[in-house]
Each structure stands twice: as structure tokens, then as C-alpha cells.
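# What the coordinates show
These are the residues of each chain, in order.
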Amino acid sequence: MASPVLPSTLAATAAQLAAGQLSAVELTRAVIARTKAVEPRLRAFNSFDESDALAQAAAADARRAAGQGRGPLDGVPIGLKDVIAVKDQPLTASSRMLANFISPYDATVTTRLRAAGAVLYGRLNCDEFAMGSSNENSAFGPAANPCDVTRVPGGSSGGSAAAVAAGEVLAALGSDTGGSIRQPAALCGVVGLKPTYGLVSRYGLIAYASSLDQIGPFGRTVEDVALVLQAIAGHDERDSTSFRTEIPDYRAELAARRGPWKIGIPKEYFGEGLDPEIGAAVDQAVAYYRSLGCEVREVSLPHTPYCLDTYYIIATAEASSNLARYDGIRYGHRSQNAKDIVDLYFQSRAEGFGAEVKRRIILGTYVLSSGYYDAYYLRAQKVRTLIRRDFLEAYREVDALLTPTSPVPAFKIGEKSDPLALYLCDIYTIGVNLAGLPAINVPCGFTRGGLPIGLQLIGQPFREADLLATAHAYDRAHDWNQRRPNP
Amino acid sequence: MSSAPQLDIDHVARLARLALTPEEKATFAAQLGSVLHHIEQLARVDVSGVEPSAHAFAVNNVWQDDVARPGLPVEAALRNAPAQRDHMVVVPKVVE
């Protein structure tokens, strides 16, 4: 089926809008047509509001016509993962628990995108409460990978990655607790940035694991991601973990910071379990950095084998606490089959949550329970200190670390049914969350079967400008991001 | 953590206020048993003298001036309540 194809990148689109070659309404109409054409096969969106998007676009055109344009995002449709609050729109976390929830307020990132003029377009599919690595845990059905609709887009921000890859939006926001931006970006062949913990406000983000969660952008290029980060980064008094730090002009810094960088290759990230085609593509990228004059050296992050266990203790503990609020009383699903108030909690939660969420609540409750707290939770928090130290130690020698993002390319929907097998998809991404670091997925090739491969660059805390510039040096010189899947 | 972990699924589900079917109990106990078995390897890490990290960066109390400002109107706050009456959430009888 023929469907209109959008301009190639957000940056190119912004230039066309600024030059008056394209109106925001025309652009939004094209986005809506594209969405309608591919959604029956992709299911990247949980919902989208056509008339609301067109009204926002018309307002953007009116601003520009009056000489009051707000910059590169003004009039550009951007999708939001369905865990980020948009006032008067559904907010479901892909859960039956919140199937009928309408958000009474905007998240801070939503407020900031509005201020930048973006057309907030649709709520993107994800794993339920952002728990998963394949998007198969969505209560509304799994999103598909645009490169092969029989395969997963990754998760938990699978809809965000799929929508950008398929050209349904020019950029999107996701959230990343253990790899939920970077891994789907890798599996769908787009750029995805997980910022430093504290750079972007979490106010209005549905909480999964609060000490790890961070909102970040998806785009087709590193430059596009820099443009979106510009709009959402910065201190917010409504998130007490948000950090006061100077926000540079990220796009300008892409060109200003030219390296050469010292790049570390953590040997623990290239061992057993890594798909050989992915290993070879990442090696090619390393060779490219060498050709730019970068010094590349092997480094060690010795506590890497303990990241997965540390993550699943801390994340599930925090999740069990955060999800205690879903009790069927003030909002969310309320069971009609309860015999008294206490039974109402048990039944509402049983009916509202899916299997993976229940599993993680059980595990998290267990590791926090009396008699086990020290052995599991406290020990995991100490190992977390050691994991973070590993990274900071490595940064005494190098500027950035380069690894594969995912050990495997996109797998078939339904292929991995064992929870532990799915948890292993995150082995290269979770250390970054435990250490609070910024990291980015950049497309770096395709398998012989045509599935995208991504590399991960890990940067130093609050030095996104350096990380983006390092990533841009590769991204601008390669055309992996030019391939446009047509699902 | 040295002995094989035993997860009492009934006890933990009760703590979590989560009703599970017999099938869910059997499946989750088996799946989480293998996850807990994997987690056992953390016992091998030497953590003596290591401080725990609750966050990646030291987070201190953040204070704001105690100044009243507008919040959500009652209608907006109650918009998603499953049952409401006279600006209040209706719940099943708590006291017999």
C-alpha cells in the first residue's frame, strides 16, 4: 500500500518549516496518513488524537506566520511513550489497570515540548508499566518491528522506536530503566539516548524504578536526538532528583567538539552470548573511530557479571513499592468482585496487572521482606556502588566506552517465553542505569537477514554534549539511518 | 543466601496484596526460583566496607519555601475515581 513518506530527518523538516516550504498542518496530515497506513501491522500507538494534533499544528503555523516561531521543534509531530502524562489524553502504561485513565496534568517534558512548539502526537505502545524487553507485555497487544513485522521492536519503549523507524513520527520520547530506550532503538535501527540520571525531569512519568528511570529521546539521527534533548533537559523543582547543571547548545556542540576521543572497549561486553554478526559490525565501528585518530584501548569493568542480578533486585524492589499505589481506590481499575475493602485491593490488582508486572511485584516484595532485606536489597545496593566505581575508574583512562547495545538482533514475537532469557537481552544496557550514566544507541549495520544492529556509546555524567559529539562523528559519516523500512 | 532460596509464594503474595490463581502460583514460583538461583551469585561479591548506593549520585533533601500555590481542582483530581459522590471517593464499608 502506498503511503506518503515524510522528510528524512527532524533537522531537515525543521529547515523546510522555517523556510516556508512545508506547513506544520501539511506535515501533520502526512504523519496521520502514514500512521493510518502502517498501524494495522505495527501497533506502535496505543492511541492518537487526530483533531488535537491538527489543532496544535495550525497553532504552530499561525505562530510562524506572525513571526513568533519557537525554533526547530515548532510544528513537528513528536510521539510520547504511554507512560508520560499529557493533559486530557489517555495515560495507560499499556496496562488494563489504567485502561480508562485520562491524565489530569502534563508531565514536565510535555510542558517543555509544548513550549518548544512540538505537536504532541499520540501515546506510544510499550511493555506494561515499562517492564519488558520486547513490547510483548503490553495489555493491548505487542507492537511489531517495522523491519520485519513478525519480530519484536524491543522494549520497553518498543512503540517509540517502531514509530520513528517507520516514519510515523519524526522523533519520540521513551523511558529507560534498564535499557528501554537503547535496546529498542538498536532493534529498530534508530538513535536512542538515555540521559544522565537527573538531567531530565521525571515529573509526570509513571514510576517503575525511581532510582533508575530516565526519560530520553528517539530520532533518526544523533542531530535529531540533540534537538529534542535541548527542549527537555534541565532542572525542575517538581522532581527532587533533577540536577542543577548548565545546559549547553547540544546541536552547536556536535560540530564544535571534534575529538579525537579516547575510546574504551570493556572486554566483559564482548563475551559469550554476543551474536557474531553484531560483534563484527561493532568491530567495524571501532575501526572507523581509529581511522579518525581516536585512541582505542581495552578496559575492564570487573563487576559486569553482577549487573543483571543487582538490577533485578533493585528494580523489582522499587517497582513493588511504586506499584503499591494501584489499589483500586482513587483511580485505576476497581474490581466488581470483591467481598470487602481488603479483598478489593487483592482483586483489583489481580485483575488489573499482567503476568510480568505480577512477577516483578512478587520478586520485589520478596527481596524487601523481613529476613531477606540485608541479603538481597542491601547487598545489591553495595554491589551497585562497586559497579559505578568500575565505570568511574575506566573514565580516568578514556572519554567514552563503546559496546554492542543488544547481544541479539530482533527476535520473533513469541520466541522467548522464559523470563530469564528475556532479562538477558539487557546485559549490555543495565550497568549504565545502575551507574546513572548517559548512553546512546547508534545504528551501525544490518545482519545478513536485514535486521538492524546498534552500537552503544557510554559517556560521563552530565557530559551529554561530549557523548552526542562522539556519536555524531560516526553517525554523520554512515548511511545506516537512511534505510526506510516500509512495513 | 548460601542455601537454596525458598520463596513462600502465598506469604509474599499476601504482603503484596495480590490475589494469584493456583496456576499463577505454580508458574511464578518455578520462574522466580530460577531467577533467585541466578541472583545467588551476588553472594560471591566481597562487599565488606562498601557503602550502599540508593542513587547513582548522592541525593540530599531538597527544600522549597513553604508557600501555597494552586493545585489540581477537585474535579480534576477526582476525574479518574472509580466511584465518587459529593467530591469524595466512594469505597466499600471499612468498619462493620
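Look a little higher up for the structure.
Computed from a predicted structure; not experimentally measured.

The rules behind the values
- Residues numbered from 1 in each chain as written.
- Chains lettered and ligands numbered in written order.
- Predicted model: local features only at pLDDT ≥ 70, side-chain atom pairs only at ≥ 80, totals over all residues.
- Heavy atoms only, no water.
- Helix = DSSP H or I, 4+ residues; strand = E, 2+ residues; numbered from the N terminus.
- Rg over C-alpha atoms; globule rule 2.2 N^0.38 Å.
- Buried < 20%, exposed > 50% of the residue type's maximum accessible area, 1.4 Å probe, protein only.
- Contact = heavy atoms within 4.5 Å.
- Areas by Shrake-Rupley, 256 points an atom, 1.4 Å probe, with all protein chains shown as cover.
- Lys, Arg positive; Asp, Glu negative; His and termini not counted.
- Charge placed at Lys NZ, Arg CZ, Asp CG, Glu CD.
- Core = buried A, V, L, I, M, F, W, Y, C linked by side-chain atoms within 4.5 Å.
- Buried area = accessible area lost by both parts, 1.4 Å probe.
- Salt bridge = Lys/Arg side-chain N within 4 Å of Asp/Glu carboxyl O.
- Polar contact = N/O pair within 3.5 Å; in protein donor to acceptor, adjacent residues only side chain to side chain.
- Nonpolar A, V, L, I, M, F, W, Y, C, P; charged D, E, K, R; others polar.
- Pairing = 2+ DSSP bridges.
- Axes fitted to C-alpha atoms, helices over the stretch in contact; angles between N-to-C directions.
- Phe/Tyr/Trp six-rings, centres within 6.5 Å; stacked < 30°, edge-to-face > 60°.

The next point concerns the overall build of chain A. Looking only at helices and strands, chain A has 16 helices and 11 strands in total. Scaling as 2.2 N^0.38, a compact globule of 487 residues should have a C-alpha radius of gyration of about 23 Å, and chain A matches this with 21 Å. For the C-alpha atoms alone, the extent of chain A along its principal axes is close to 65 × 55 × 45 Å. For chain A, the proportion of its 487 residues judged to be buried stands at 66%. Considering only contacts within chain A whose residues lie at least 6 apart along the sequence, 75% involve residues at least 24 apart. As presented, chain A carries roughly 15600 Å² of accessible surface, and 49% of it is formed by carbon and sulfur atoms. The centroid of the 49 positive side-chain charges in chain A is displaced by 1 Å from the centroid of its 51 negative side-chain charges.

Turning to the nonpolar core, a few remarks are in order. All names here are of chain A. Ranked by size, the top nonpolar core spans 166 residues in total, and within it L73, L113, F129, F391, I440 and L468 carry the most contacts. Among the elements that line this core, the one with the most residues is helix 10 (residues 307–322), at nine residues. For I440, the contacting residues outside a window of four places in its chain are R182, V191, G192, L193, V222, L455, Q456, L457, L467, L468 and A471. Of all hydrophobic cores here, the second largest spans seven residues; its members include V152, F411, L422 and C425.

Across the boundary between the two partners, chain B contributes 56 residues, which contact 65 residues of chain A. In total, about 5300 Å² of surface goes out of reach between chain B and chain A, with carbon and sulfur atoms giving 68% of it. The interface formed by chain B and chain A includes three salt bridges. The salt bridge partner of D88(A) is R79(B), with a shortest N-O separation of 2.8 Å. Where chain B meets chain A, there are 21 residue pairs in polar contact (both at pLDDT 80 or more). Mapped onto the side of chain B that touches chain A, the elements with two or more residues apiece are helix 1 (9–15) and helix 2 (22–39) of chain B. A class-by-class count of the residues in the side of chain B that touches chain A yields 37 nonpolar, nine polar and 10 charged.

Below, the discussion takes up the sheet that holds strand 11 (residues 452–458) of chain A. All names here are of chain A. If you trace the 11 strands from one edge of the open sheet to the other, you get 1-3-2-4-6-5-10-11-9-7-8, paired in mixed fashion. Only two strands of the sheet have a single neighbouring strand rather than two, namely strand 1 (45–47) and strand 8 (295–299). Shown here is a sheet whose adjacent strand axes are inclined to one another by a mean of 30°, direction ignored. In terms of strand pairing, strand 1 meets strand 3 (residues 119–124) through two bridges, oriented antiparallel.

Here we come to the packing of aromatic side chains. All names here are of chain A. Scanning all chains against the criterion turns up 21 aromatic pairs over all chains. Ring centres of F48 and Y121 lie 5.7 Å apart, and the angle between their planes is 45°; this geometry places the pair in the tilted category. Highlighted residues: F48 in the loop between strand 1 and helix 3 (50–65) and Y121 in strand 3, separated in sequence by 73 residues. Summarising the aromatic geometry, the rings of F129 and F353 are spaced 5.8 Å apart at their centres and angled 75° between planes, so their arrangement reads as edge-to-face. A residue pair is termed long-range when its members are at least 10 positions apart, and F129 in the loop between strand 3 and helix 5 (158–165) and F353 in the loop between helix 11 (341–352) and helix 12 (355–368) qualify at 224 residues.

The next thing to look at is the side chain of S53(B). Inspection of the secondary structure assignment puts S53(B) in the loop between helix 2 and helix 3 (74–77). Within the local environment of S53(B), its side chain forms a polar contact with the side chain of T385(A), the two groups lying 2.5 Å apart. Dropping the residues within four chain positions of it, S53(B) is found in contact with Q381(A), R384(A) and T385(A).

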